[in-house]
Amino acid sequence: MQFDMTGFMKKVKKYAVEDHWNRHEIDMLEEIEELLELEVPLEQKHRELKRVENILKEHQKQGLSQAADKENEYKEKEHFLFEIQDLLTACEKRLNAITQQQLLTIEPEFEILKRELQDTCNAGANWRSMKSYQDFRTLFMSKTENFNSRLKAAASPFSQEISQEYDSCFDRVKTRMINTSIESFHTTEKEWYEKSGQSKDLLHSQIQAEADSIHLEGAPFEAFATKCGNALEQTFKKHQSITRMLYLIPLALYLIKYILETYLFKKESLQERLVNMLLERMVKNGEDTTEGILNVMQNILPLIKENKAAGLGINLVLALIFFGWLYFLYYIIVKRVRKSSQIRSLGRCAQQQLQEFTANAPWKQACTTAFENLSQQIQKLYRKHYEFVNQKLVLKSLEETEEKPDMASMLLAEYQSWGG
């Protein structure tokens, strides 16, 4: 099979146009193509194809040189991005260290909160607030509010320290991007200021707002206040019921005594006893006639009745005073004894509930989460603020473009395969 010179030249010319050869080279290829179509000696045609071969070799060298340049550019970009990544990684490590240091700094606050919660469950001091669920909840949740106030006070300098670290980190990024010779990564001081510097105050205001909103998650504390408050209220009501029963015991005993003496074991009345004693006395003194006895009784009975009424009135007043004071003393004793018992029961109930609640120290985990979330939120704000940096330092800047076939080498190989 003979070598298709015309077909070969068409391929070379197409490649030259697609690869944007200069006009002089394309014109020369057109002249050679026309010459090959003429009736000229074969040797002359081979000489013209040699010229095409030389041109292809030259472009092959250029292609290799460009490939080497692209590879060097790729390595340079890769090295630059590695530097930026190392810088940001070091920044993240410092931020984590700042967060951990902050958690150590507020460690004493955990003990303060624990003591405050224990004081809340001190029945000796707060038994009045333990009578109802709502009062106990208000008292208990006020301690978490105090702790949240202290958290906000600690979060403000913490957020400022995080901001300073981020500002310093991105200043170093800015310096590298201004000084780099890589065009796709390069930026200017003016461009940097226009895209980030003008809204820096707004960024810091947003960070301060995040610091001011830091707080413990209230759900665990609300759940404990509800559970413990209900248990305390039930304990108090139980003690109140027993105390009321004790208050009524003397009255119940007196009522039982009255019923027994009045209806079951009826006794001789005072008037009857006096009359019987008088009759016995008269019999002993010789007043044995009925008329004499009646005469004495008519004279004596009014006196007995008057003295009896007076005596009963005085005795009734004295009895009321005596038994009134006695019942008052009984009431005071019962009240004090029951109050002491009530306080002990409320204290045991509250301490048992608190011991279960504090077994896992939920505020430590909640506080750790709060500061970690604050750090992450600040990080998100800075990423959003410097989004243009991420757009410049995109990974696709390092992605190699899809390699095109080396047509110069392929055409040379085809030509040489035919003995060119």
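Residues numbered from 1 in each chain as written. Predicted model: local features only at pLDDT ≥ 70, side-chain atom pairs only at ≥ 80, totals over all residues. Heavy atoms only, no water.

Caption draft 1: Examining the side chain of Asn-126 more closely. In this fold, Asn-126 is placed in helix H5 (residues 123-126). Among the polar contacts made by the side chain of Asn-126, one reaches the main-chain carbonyl oxygen of Thr-120 at a distance of 3.3 Å. Not counting the four nearest positions on each side in its chain, Asn-126 is found in contact with Asp-119, Thr-120 and Leu-139. (Helix = DSSP H or I, 4+ residues; strand = E, 2+ residues; numbered from the N terminus. Polar contact = N/O pair within 3.5 Å; in protein donor to acceptor, adjacent residues only side chain to side chain. Contact = heavy atoms within 4.5 Å.)

Caption draft 2: Molecular detail of the packing of helix H6 (residues 133-179) against helix H8 (residues 200-212). Remark: H6 packs on H8, axes separated minimally by 8 Å, with the N-to-C direction vectors making an angle of 145°. Crossing angle aside, the handedness with which H6 passes H8 is right-handed. Contacts from Lys-152, Ala-155, Ser-156, Ser-159, Gln-160, Ser-163 and Asp-167 of H6 reach H8 at Lys-200, His-204, Ile-207, Gln-208, Ala-211 and Asp-212. (Axes fitted to C-alpha atoms, helices over the stretch in contact; angles between N-to-C directions. Left-handed = near helix turned anticlockwise from the far one by under 90°.)

Caption draft 3: Local environment of the nonpolar core. In terms of nonpolar packing, the biggest core is built from 63 residues, with Phe-140, Leu-216 and Phe-371 touching the most fellow members. At the level of elements, helix H3 (42-105), helix H4 (107-120), H6, H8, helix H9 (219-264), helix H11 (290-358), helix H12 (362-385) and helix H13 (387-392) are the ones that each hand at least two residues to this core. A per-element tally of this core places H6 first, with 14 residues. Setting aside its immediate chain neighbours within four residues, Leu-216 contacts Leu-113, Phe-147, Asn-148, Leu-151, Phe-221, Trp-363, Ala-366 and Cys-367. (Core = buried A, V, L, I, M, F, W, Y, C linked by side-chain atoms within 4.5 Å. Buried < 20%, exposed > 50% of the residue type's maximum accessible area, 1.4 Å probe, protein only.)

Caption draft 4: The arrangement of a nonpolar patch on the surface in detail. Taken together, the side chains of Tyr-254, Leu-255, Tyr-258, Ile-259 and Tyr-263 present a nonpolar region at the surface, about 600 Å² in accessible area. Tracing the chain through its elements places Ile-259 in helix H9. For Ile-259, a relative accessible area of 38% gives the class partly exposed. (Patch = residues over 30% accessible without salt bridge, like charges linked within 9 Å, V, L, I, M, F, W, Y side chains within 5 Å. Areas by Shrake-Rupley, 256 points an atom, 1.4 Å probe, with all protein chains shown as cover. Salt bridge = Lys/Arg side-chain N within 4 Å of Asp/Glu carboxyl O.)

Caption draft 5: View of H6. Over its 47 residues, H6 runs 67 Å from end to end, which matches the ideal 69 Å to within 8%, given 1.5 Å per residue. Roughly 25° is the biggest bend found in H6, and it falls at Ala-155, with proline Pro-157 one to four residues downstream. (Expected span 1.5 Å × (residues − 1). Bend = angle between axes of the 7 residues up to and from the residue.)

Caption draft 6: Quick peek at the environment of Leu-232. Looking at the secondary structure, you find Leu-232 in helix H9. A sequence separation of 102 residues divides Leu-232 from Met-130, and the C-alpha atoms of the two residues are 6.0 Å apart. Apart from the residues within four sequence positions on either side, Leu-232 is in contact with Met-130, Phe-136, Leu-346, Cys-349 and Ala-350.

Caption draft 7: Expanded view of the state of the cysteines. Across all of its chains, the model carries 0 disulfides by this definition. Sulfur of Cys-169: no disulfide; nearest cysteine sulfur belongs to Cys-91 and is 3.4 Å away. Cysteine Cys-349 shares no disulfide, and the gap to the nearest cysteine sulfur, in Cys-228, comes to 5.6 Å. Among the residues examined, Cys-349 registers a relative accessible area of 14% and is labelled buried. (Disulfide = S-S within 2.5 Å.)

Caption draft 8: View of the pattern of salt bridges. In the structure shown here, the tally under the stated rule is 9 salt bridges. Linking Glu-165 and Arg-94 is a salt bridge whose minimum nitrogen-to-oxygen distance equals 2.5 Å. Taken together, the residues span a long stretch of sequence, with Glu-165 in helix H6 and Arg-94 in helix H3 at a distance of 71 residues. The class for Arg-94 is partly exposed, based on a relative accessible area of 33%. Residue Lys-227 is joined to Glu-356 by a salt bridge in which the shortest nitrogen-to-oxygen separation is 3.7 Å. On the criterion of sequence distance, the pair formed by Lys-227 in helix H9 and Glu-356 in helix H11 is long-range, its members being 129 residues apart. Overall, Glu-356 belongs to the partly exposed group, its relative accessible area being 46%. In this structure, a network of salt bridges that share partners links the residues Arg-94, Glu-165 and Arg-172.

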